[in-house]
Structure formats: C-alpha cells, structure tokens
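One letter stands for each residue in the lines below.
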4 protein chains.
Amino acid sequence: MTEAIRVGVLGAAGKVGQAVCEAVEAAADTELVARVDKDDRLETFAENGAQVVVDFTHPSVVMDNLQYLIGAGIHAVVGTTGFDDERLDQVRSWLADSPATGVLIAPNFAIGAVLSMAFAQQAARFFDSVEVIELHHPNKADAPSGTAYRTAALIADARRAAGVGPSPDATTTELDGARGADVDGVRVHSVRLAGLVAHQEVLLGTQGETLTIRHDSIDRTSFTPGVLLGVRSIAARPGLTLGIEPLMDL
Amino acid sequence: MTEAIRVGVLGAAGKVGQAVCEAVEAAADTELVARVDKDDRLETFAENGAQVVVDFTHPSVVMDNLQYLIGAGIHAVVGTTGFDDERLDQVRSWLADSPATGVLIAPNFAIGAVLSMAFAQQAARFFDSVEVIELHHPNKADAPSGTAYRTAALIADARRAAGVGPSPDATTTELDGARGADVDGVRVHSVRLAGLVAHQEVLLGTQGETLTIRHDSIDRTSFTPGVLLGVRSIAARPGLTLGIEPLMDL
Amino acid sequence: MTEAIRVGVLGAAGKVGQAVCEAVEAAADTELVARVDKDDRLETFAENGAQVVVDFTHPSVVMDNLQYLIGAGIHAVVGTTGFDDERLDQVRSWLADSPATGVLIAPNFAIGAVLSMAFAQQAARFFDSVEVIELHHPNKADAPSGTAYRTAALIADARRAAGVGPSPDATTTELDGARGADVDGVRVHSVRLAGLVAHQEVLLGTQGETLTIRHDSIDRTSFTPGVLLGVRSIAARPGLTLGIEPLMDL
Amino acid sequence: MTEAIRVGVLGAAGKVGQAVCEAVEAAADTELVARVDKDDRLETFAENGAQVVVDFTHPSVVMDNLQYLIGAGIHAVVGTTGFDDERLDQVRSWLADSPATGVLIAPNFAIGAVLSMAFAQQAARFFDSVEVIELHHPNKADAPSGTAYRTAALIADARRAAGVGPSPDATTTELDGARGADVDGVRVHSVRLAGLVAHQEVLLGTQGETLTIRHDSIDRTSFTPGVLLGVRSIAARPGLTLGIEPLMDL
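Residues numbered from 1 in each chain as written. Chains lettered and ligands numbered in written order. Predicted model: local features only at pLDDT ≥ 70, side-chain atom pairs only at ≥ 80, totals over all residues. Heavy atoms only, no water.

Taking an unreviewed UniProt entry as the reference, chain A is identified by name as 4-hydroxy-tetrahydrodipicolinate reductase belonging to Rhodococcoides corynebacterioides. One UniProt comment on chain A, placed under Subcellular location (unreviewed entry), says "Cytoplasm". In the Subunit (unreviewed entry) part of its UniProt record, chain A is described as follows: "Homotetramer." (UniProt positions renumbered as here; feature names shortened; annotations may be inferred.)

Set out below in structure tokens:
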C-alpha cells in the first residue's frame, strides 16, 4: 500500500482551515501532520515532515508563506485570493530556484463548478443559442456572480473562435431587464431567493434539443474535494499551476 | 353508459380547428357532429344536433357566432381572443334571454399553465422570496410572455392581500438587466433559446427550502385537454364562465 | 400595533429546540418567554405567561406535556412523533374539558413539502400520467421516503375519486427496477446521491405539456416557518388540528 | 467566400430524408444537388457532382449504397442502423481502395445527446455518487433507453479506470424497484410520462455539491445539426469514422 501524503494546513484555526483539516483527516490517503495558525512558526511544517501544505489564509500573509514553503521544498495548494501578475511572477521566480516543487493557485476549488465551466466552453460552439442563469441566496451583493461572468466570457470566447454568430433573438418589445444582462454577447440572468445557496445553469439549444449543465453548491465544504485533488496531484506537477482544471485531464 | 356529448367545431379547417376535431374524435365521451368553416352556414350545428360548439376563430366573427349559438341554446367553448368588457356584457345580455345555456371564454386552455398560475397564487404568501423565469423559442417578440405577466400579477396580489413584504434582495452592484424585469414587485426573467417551445418556472423560497412550479408546453396541441374539460363541464354551468379554472374545483 | 405572541419552548436545549428558540426570537410578532428542558418544571410556562408552547420532544414525555398544557389553557404546537389513534383520542378528551385551547399536531412542518403534496393532489386528476422522483443523501435507510409514500397515496386517492385510469405505460422489456416502485399504482423513483439533502419532484403529463412540482429542502431549519405559522394560527383554532395544511387556507 | 458543399440525400422521400433535405437547403454552406429514393439510380449523385451523400435508409440497401459511393469517391454520412463488425470490415476494405474518401457511421446524431454522454464520462471519476434518470413518452417499449444503457456503461468504465468505488448507498429497506435498475453498478431510473419526448439527466454528487447534465430532445428533427456537422467534416477525415464525437474535438 502507498504511504499517505503528509499534509500541513495554514490558517488551521479558521472556519475554512478547519474544514480542510477534517477533509485531510477523513481521507484514507492523506495524513494531517501540522496545523499552523497566526501565532505559530512556519518551520513547524518542515519539522513535521509535511510534503504538501494547504493555504487558505489572507493576501497579506500568503506571499511570506509561499516564500517559506518553496524554499523548504514543500508543495503548496493555495486558495487565498489576490494574486495579480506581479505576485504570480514572484512565485514563478522562487520556483525557478526550487525546480522540483509544485504550487497550485486556484480561484475555485469546487469540482462541479470547474467542470461546469469546462463543459459550457466545450459545448458552446455546437448550439445556436446559449444563456446562463445563476441563482443565489438573497444576501449576495453583486449580480451576476463572478462565476457567471467567467462562464459567459469562456462561452463567448469559444463561440468567437469557432465563428459562431450571436444567439438568435427576435425580441422587439421588452420590459426593461427581462432579457437579462449582456456579458460579452451572452445573456445572464441572476435570481436571488431565500432558501438557495449557490447554483448555476448553462442552457444551450439548437434545432429540437437543449443541453443544460447545472451546478448546485449547498454547503461551504464543497471546496474540499477539489483541495484533496490538488493535494494528491501537486507533487507530480513541479512549477506553477493555475486553477484545478489542468489536474483533471479533461 | 352515458351518451357521448355531441360537439360541433367552428373554424374546423384551420390548424387549431383540426386539432380540436381530432381531440373530439379521439375522446370516448365526445362525438364530432359538425365541422363548420368560413363558407358554411351556422345552422349546420342545430341541424346536426350539436350540444356544444368549440370556437377558436377570429375576433371579427366570434360575436356573430355567439349570438347564433346562444339563440339556438347551444353551449359554447371559446378560445378566440379580443373580449373586452363591452363584448362580455353583450354576451351576458344574450345569455340572460337563454338562461339554460353556458358559455366558456378562456384566454388559456393549457391545464398545466392554469394550474401553475393557481398554485403560484396559493403558495405566494408563505415564502419570503418569489421570482419567475419564463423560457421560450427565440422567435418570440415580447419579453416577458403574457403568461409570465399574469403569473407575476397574481403573485403580487396574493402577497399584498396577505401583507407579505417584498422579496429580500441585497444587490448593490448590478450589471444592467441581471436581476430581470420588475412586474409589480416580482422579478421576471425571460430566456430565449433555440430548441425550446414554451416553459415557465415559479421559484418560491424561505428558510432552508424552495418550491418550484414548472410548466413545459412542447406542442401546440397542449390546449386540447382543456378544451375537452370545457366541453364536458359547460352544460352544467349556465351563464358566462371566464377561464377554465372555475371548472377545475381547485 | 398588535402585541407579540408569548411563546414557550419544550426541549429547548436540543438541536431542534434551539432552532425553534432562534426562530421565535427572530420573528417580529413572537416573543420567547420560557425555555424548558428535561430537568425543568412545566409550571415555568404558566408562571411566564406563555400563550403557546412548541413541543418537539419525545413520545415518552409528550403526553404528560400536553396534559399539563391543555389543563393550563396553553395552546400547543407539536412536532413530536408517535401519535396513534389512542393518543389522539386522549388529547381530544382533554381538550373537551378546555374548549378554548388549541392543539396542533403535525408530522411535517416544511411548508414547501406540505404545499407540494397539496398541489400534487389537486393536479393529479387532470393529467394522463403522474410519477414521483424523490432524491436524498446516501445515508438514508429507507426507499422510497415517507413523504414520497404519502404523496403517491394522496395522488392515487385523488385519481381514484375522479375515475382516472392508470398512467399509460407501453413498457414490454424492463431491466429489473428501471420503472421504479409501485406505490398504489403510482411509480416512485428513489435517487441517493452525495451532495443532496431532501428533494422531491412530482411529474404530471398530458397531451403536449407537463407540470412539475419540485420541493428542495437543504437545511434542517426548514421546518421553522411552518412552526411559526402554527404559533400564529393555533389560538384561533380551538380543539385538535392535524397537520399544518388546514392552517393554510389553500 | 468558400463554395457550398454539394450534398446528395438517399431516401429523400421518407420522413427522415425530407428533414435532411430541408436542413441542407436551409444551411448557408451546403447545397442540395440530388435527391434519390427507392426507384432512382445511384449514378444520379455522380452526375450531379455530389461531394457528400447522406444515407438514412435501411440495413437491406445501405451496403449497396456505400459500395457505390466509395467507388465513386463520394463521402458518406450514414445514420442507417445494423452495422456489425463484419459490415464495418467490409466498409473498411472498400475504403482501402479509395483512400481519399471518408465515411461517417453514427448511431446518434443528436449533438446534445453525444455531448451529454461525453461530459458524463469525463465527470464520472470526480464524484462519489452518480445516477441516471431517463424520461420518455409512455409509448416506449424498453426501459431503460438504449442511450441510458450506453451512458451508464461509459460512466462505469470511467470510474473503474480511475479506481473509484461504488456510489455510497445506505438503503436497508427498499420497496421493490425504488432504487432503479443496476446497469454495471450505476443506478438508472426510467420515467414514462405523457407530454414528454426524450430526455435524460445524469446526476453527479460529492461533498456539498452536485452537477447535473440534462439533455432534452423534443423534436424528431434534432438529429439534423449533427448531420450537418458530419457533412461539413467528413471530407477532411478519409477512412471510417464511428460516431460524431471524433468530429467534435472535445
């Protein structure tokens, strides 16, 4: 039997960090060897033989964390936000000096959301029409959601690249807003409803048939399978990987 | 065994009239006794002993048809449009002279659509949030659909009557149109997609649960079960009946 | 302004009791005046002027609770299970001596689930076909769910009463189980899937159209709006009320 | 501007052939140059300069058709059924003598159905649970549908290859059939409902999230976009191509 992967967790005392710790402990092929929070020393990871460290902390500390981890030859799986080109270049430069180390930085670890976007992108050029409906709890401040924006942009790119024209639409009389928002030529509708969490439907249609790709996320722990996928895959991917999709061999 | 109801059809040569004829012939408890079109005499109905006549013709001829039918004591099931208050009063006045005769005038014979509106209306006051999504083929000229307008208005009335406040919505940043159209305080989203026909979803949500009422109409013959319901019920309802809902004992 | 309803909670320290306490405190028109758990005296309720008490406790203690509450003229909203005919008769007999007191005993407080069943029952006789799909988390021991059984039975009753025959089905070659379970002539399909909580779809179909009634419950707190409905309504309904549906004026 | 592809149609007088003819005429980049039916000569195709011929005829004539077309260097897009290994080998042997000619033989031209299967296969290994629901009109004789069988088999293969265990299922009490049919370890549920045509849902679930891939086909013309895709692609693919998926570059 293969030995379990030795995993450390940064921000282990926070809500997200705790969920990561539980997932690492529950999986048969991973072992939790170090929990580090604000007041703890980063060296704890090396001292406990961590092979991969998961970082869902804060933009203000994540660069220090990564400098340490890459320097110590420890792979990193990072869900912290705020990576612009400058930061990514800095990470690449550290990795150049530690060529066996892998770092995964991903904006979204929900496997279903990532697959949903990938499938929408693959399917987009085969259908006359495509629209996106995203549905969230009523406390959300922005409409459309960031995921819906990205999904629409991927769809628009795929259709442009294939030379597909705009979705047909004979609307001549519209009550303001009925046909949704226009994101790069793709109509996006935002529903806000008590009792929902985070949901999205991509609807594609052509002569006599439709294809619907729906993702429902009803629990804040839905990112943990994606984190485990990262933990299991990153040792075999030296250098910088952006997003979990490259790990999925779609 | 009960005798079959003797049915006549007006506009029998048109597309809709033909579908009505087929449905009347296919049902075990109805018998098609007269087909009348533009150049035929209305007296054909009485001569063939029609008990009920179905009229899906044109606003320009429907009043003449009704005057004849009511005068002859023949019940009528009418799907023709264009009935304003003046026309309805005229029908009522004719019926006053023929008190045993029943006339049904309905804007929508699709049983599923009518139930869908009735259920939305019943449920509306029990949920914090309610929104409507209607989805149609891309050749439709108006957005939202007439049915979606009516559904939203019924929902708004029911909530007002029960003293329910507006659906919660924390949106502060919105791309124009994302949150749909505002119909009497109810958000309505219109999707236009190749491969669709006519579909509608009413989404209702409260703490931890949602209720969705969805109607799919994929065939222009979906009005015929409602017409048959009218044919079977109208003899027992002298006077004017508006809409098929009163026939359904909900 | 109306005064808030003074509410007590039994089993206040348990998970369900806590959720009830939070809901009562959060609502504008109810006030939490007494929390009682195992070791507390029932008299606390009267001493604090409780007008309605909510009981989600255990079959072994609920009868003692009700005897006290009815004797004290305090209305009761009861979600505890285990009421057979004998117990219900006992409750009725106590209520006979306290004619102004109301007791609500309900097996299901999820408003969406109750509406879903009511609508399925109303719609059942208008469609040629009806089937039920229930979808739950994979830890559920029984298939179909209790709610699906009840829904199918209500549908079957409604169709029998209206003289509607069985749903058409031309299946001649079936892989064992494909067509689901037969509950009183209604096909029921049970899906078990990680990532789900408790969901149910009633599908009704006739010529060219379908109506789908879907209920999604994704949180254990989804029963609290129904409890609040009971708390607000029970004072106006002396005697025994079974289920929340009679409170809903459908 | 590119010249239109010159297309011939076999079985042009039949229902399916007529739909193909209409689609070829409606598309901007294809031109219908020959309609051939039972009593017509195959040479009509060469005489009219057909570059691609579409064959939705009958197993009893399709081999003669292909022998002629391949011999004349005309590409073929074939939806006729009944191709076993022996027939496919025969086609390959004819193609060996006409190395620039392409033949596409596909069991299913509905793009949405093919994508739906491809996506199910790609996604299957990332989720703990997967089940299939197929929904058809009530005149269908077999349950599950052929597409559902194939989908389940593809899912089962993908999970086996990735070492994923069976979907979790704690059911201990089951009413016979409730949990559906077992196709290679994947549960498949077959719904039969008036008002439906041909629909399928693949449900995938893991911790806190689900992904649903739904295909709806509501019209017998839904195969024509796939036929046009074949017509446009086959000239660039000499030899035998099985199924339209290889043309889709997924």
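Next comes the rest of the write-up.
Trainee: Can you lay out the UniProt feature "domain: Dihydrodipicolinate reductase N-terminal" (unreviewed entry) in chain A for me, pointing to particular residues and giving the numbers?
Mentor: Following the UniProt record, the feature "domain: Dihydrodipicolinate reductase N-terminal" (unreviewed entry) maps to residues 5-109 of chain A here. In this annotation, residues 5-109 of chain A is assigned 40% helix and 24% strand; the end-to-end C-alpha distance for the span is 19 Å. (Helix = DSSP H or I, 4+ residues; strand = E, 2+ residues; numbered from the N terminus.)

Trainee: Residue-level account of the interface of chain B and chain A, with values.
Mentor: The partner chain A presents 46 residues to the 46 residues of chain B that form the contact. Interface area for chain B against chain A, summed over the two sides, is near 3,100 Å², with a carbon-plus-sulfur share of 62%. If you look at where chain B meets chain A, you find zero salt bridges. The interface formed by chain B and chain A contains 20 residue pairs in polar contact (both at pLDDT 80 or more). (Contact = heavy atoms within 4.5 Å. Buried area = accessible area lost by both parts, 1.4 Å probe. Salt bridge = Lys/Arg side-chain N within 4 Å of Asp/Glu carboxyl O. Polar contact = N/O pair within 3.5 Å; in protein donor to acceptor, adjacent residues only side chain to side chain.)

Trainee: Hey, could you go over the relation of the copies chain D and chain C for me, with residue numbers and the actual values?
Mentor: Note on the identical chains: chain D maps onto chain C by a rotation of 180° and an axial translation of 0.0 Å, with an RMSD of 0.1 Å. What the superposition gives is, in effect, a two-fold axis relating one chain to the other. Residues of chain D ranked by C-alpha distance from the rotation axis are headed by Gly-177 of chain D, positioned 2.0 Å from it. Both copies share a contact surface, since 100% of the interface residues of chain D are interface residues in chain C too. (Least-squares fit on C-alpha atoms with pLDDT ≥ 70 in both.)

Trainee: Could you give an account of the pattern of salt bridges, with specific residues and numbers?
Mentor: Proximity of charged atoms lets side chains of opposite charge pair with each other. The tally for this structure, following the rule as stated, stands at 56 salt bridges over all chains. Its salt-bridge partner being Asp-157 of chain B, residue Arg-160 of chain B comes within 2.8 Å of it at the nearest N-O pair. With Arg-160 of chain B and Asp-157 of chain B both in helix α6 (residues 146-161) and three residues apart, this pair spans about one turn of that helix. One salt-bridge network, held together by shared partners, links Arg-41, Glu-43 and Glu-47 of chain A.

Trainee: Account for the UniProt feature "binding site: NADP(+)" (unreviewed entry) in chain A, naming residues and giving values.
Mentor: All names here are of chain A. Per the UniProt record, "binding site: NADP(+)" (unreviewed entry) is annotated on Arg-35. With respect to the element layout, Arg-35 can be found in strand β2 (residues 30-36). A residue is classified by how much of its surface remains accessible, and Arg-35, at 45% relative accessible area, is partly exposed. When residues no more than four places from it in sequence are discounted, the contact partners of Arg-35 are Val-9, Ala-12, Cys-21, Glu-25 and Asp-40. In terms of polar contacts, Arg-35 uses its side chain to reach the side chain of Glu-25, at 3.4 Å. (Buried < 20%, exposed > 50% of the residue type's maximum accessible area, 1.4 Å probe, protein only.)

Trainee: Could you give me a rundown of the side chain of His-189 of chain B, with the residues and numbers involved?
Mentor: When you line up the elements, His-189 of chain B lands in strand β10 (residues 186-192). With a relative accessible area of 0%, His-189 of chain B lands in the buried category. Side-chain polar atoms of His-189 of chain B contact the side chain of Glu-131 of chain B, separated by 2.7 Å. Other than its neighbours up to four places away in sequence, His-189 of chain B contacts Ala-178, His-189, Ser-190 and Val-191 of chain A together with Glu-131, Val-132, Ile-133, Glu-134, Ala-178, Arg-179 and Gly-180 of chain B.

Trainee: Residue-level account of the environment of Thr-171 of chain A, with values.
Mentor: In this fold, Thr-171 of chain A is placed in the loop between α6 (146-161) and β8 (173-174). There is a polar contact of 2.4 Å between the side chain of Thr-171 of chain A and the side chain of Asp-169 of chain A.

Trainee: Could you give an account of the environment of Ala-156 of chain C, with specific residues and numbers?
Mentor: Residue and element names in this part refer to chain C. Its place among the elements puts Ala-156 in helix α6 (residues 146-161). In sequence terms Ala-156 and Val-183 are 27 residues apart; their C-alpha atoms lie 8.5 Å from each other. In contact with Ala-156, other than residues within four places in its own chain, are Asp-184 and Val-186.

Trainee: Can you break down the interface of chain D and chain C residue by residue, with the values?
Mentor: Taken residue by residue, the interface counts 46 residues in chain D and 46 residues in chain C. Buried surface at the junction of chain D and chain C, both sides included, amounts to about 3,100 Å², of which 62% is carbon and sulfur. Our count for the contact surface shared by chain D and chain C stands at zero salt bridges. Inspection of the region where chain D meets chain C yields 20 residue pairs in polar contact (both at pLDDT 80 or more). Of all the secondary structure elements, the ones that give two or more residues to the side of chain D that touches chain C are β6 (129-136), β7 (142-143), β8 (173-174), β9 (181-183), β10 (186-192), β11 (198-206) and β12 (209-217) of chain D. Residues belonging to the side of chain D that touches chain C are distributed by class as follows: 21 nonpolar, 14 polar and 11 charged. When strand β8 (residues 173-174) of chain C meets β7 of chain D, the two strands line up parallel, connected through two bridges. (Nonpolar A, V, L, I, M, F, W, Y, C, P; charged D, E, K, R; others polar. Pairing = 2+ DSSP bridges.)

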